[in-house]
Amino acid sequence: MKRILPLLVLCLLLTGCMALPATAPAEPMYLALTFDDGPSPQYTPRLLDGLKQRGVHATFFLIGQQVQDYPELVQRIRAEGHQIGNHTYDHAPLDRLSCGEAMADLSRCDGVLQKLAGEGTYWVRPPYGFITEEELAAWSTPMLYWSVDTCDWECRDVQKVFSAICQARDGDVILLHDCYGTSVEAALQAIDCLSEQGVEFVTVEELFALRGQTAEAGHLYRRPE
Ligand SMILES: [Zn+2]
């Protein structure tokens, strides 16, 4: 028995080594899903249910007017751990406003967010991506575009939006709108599909933190570098 035992240990070790994968596991891939123009009484609750079931956090760029109309949805978004951002008070293209008017609009939305969603730093996503250099420099929080445009508002097609999400690369910020049922369905299907492949979904703030990057006011980002 004394001679057999070391042999047994050796066999177990060898079997263990052979069971290891031939290559090291791939680095996890991180994506940030962002939803603009909400909260929507029709589709945001369905999206929040789906994200909760899957343990996924997203980022919501809310319109101030909608925030005032549906405060309970805003509080639910906050309570369930998602990031909230400022998408102006009434979705005006900021580049067509004077800098003073644009600041007043962004401040109005920021005010309702501070009141209804709690104190915090609410990053801005300019509607349509339109903003002037002067406005960008004058505002007090980071601003964010996107690096993947699903064109969901245009196609309203679950399969096309799903495919666009699935083509994202590590670190991408994906533009969606939770005011369309097709976008919500496509996002949840993509989460199910990509999660199986090791993709993790995080908020925009988390995505920047994972890259060790601090987003600053006066800058407009597409994604972390
Ligand atoms: Zn918008």
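Calculation notes
Residues numbered from 1 in each chain as written. Predicted model: local features only at pLDDT ≥ 70, side-chain atom pairs only at ≥ 80, totals over all residues. Heavy atoms only, no water. Salt bridge = Lys/Arg side-chain N within 4 Å of Asp/Glu carboxyl O. Helix = DSSP H or I, 4+ residues; strand = E, 2+ residues; numbered from the N terminus. Buried < 20%, exposed > 50% of the residue type's maximum accessible area, 1.4 Å probe, protein only. Contact = heavy atoms within 4.5 Å.

Observations regarding the pattern of salt bridges
Then, number 1: Scanning all chains against the criterion turns up eight salt bridges.
Then, number 2: The residue Asp49 makes a salt bridge to Arg76 at a minimum N-O spacing of 2.7 Å. Remark: Arg76 occurs in helix 4 (residues 71-79) and Asp49 occurs in helix 2 (residues 44-54); sequence separation between them is 27 residues.
Then, number 3: For Asp49, a relative accessible area of 36% translates into the label partly exposed.
Then, number 4: Bridged by salt links that share partners, the residues Asp49, Lys52, Arg76 and Glu80 form one connected network.

Here we look at the side chain of His177
Then, number 1: Along the chain, His177 turns up in strand 6 (residues 173-177).
Then, number 2: With a relative accessible area of 8%, His177 lands in the buried category.
Then, number 3: Ignoring anything within four residues of it in the chain, the contact list for His177 reads Phe35, Asp36, Asp37, Asp152, Trp153 and Ser183.

Just geometry here; none of it tells us what the structure is for.
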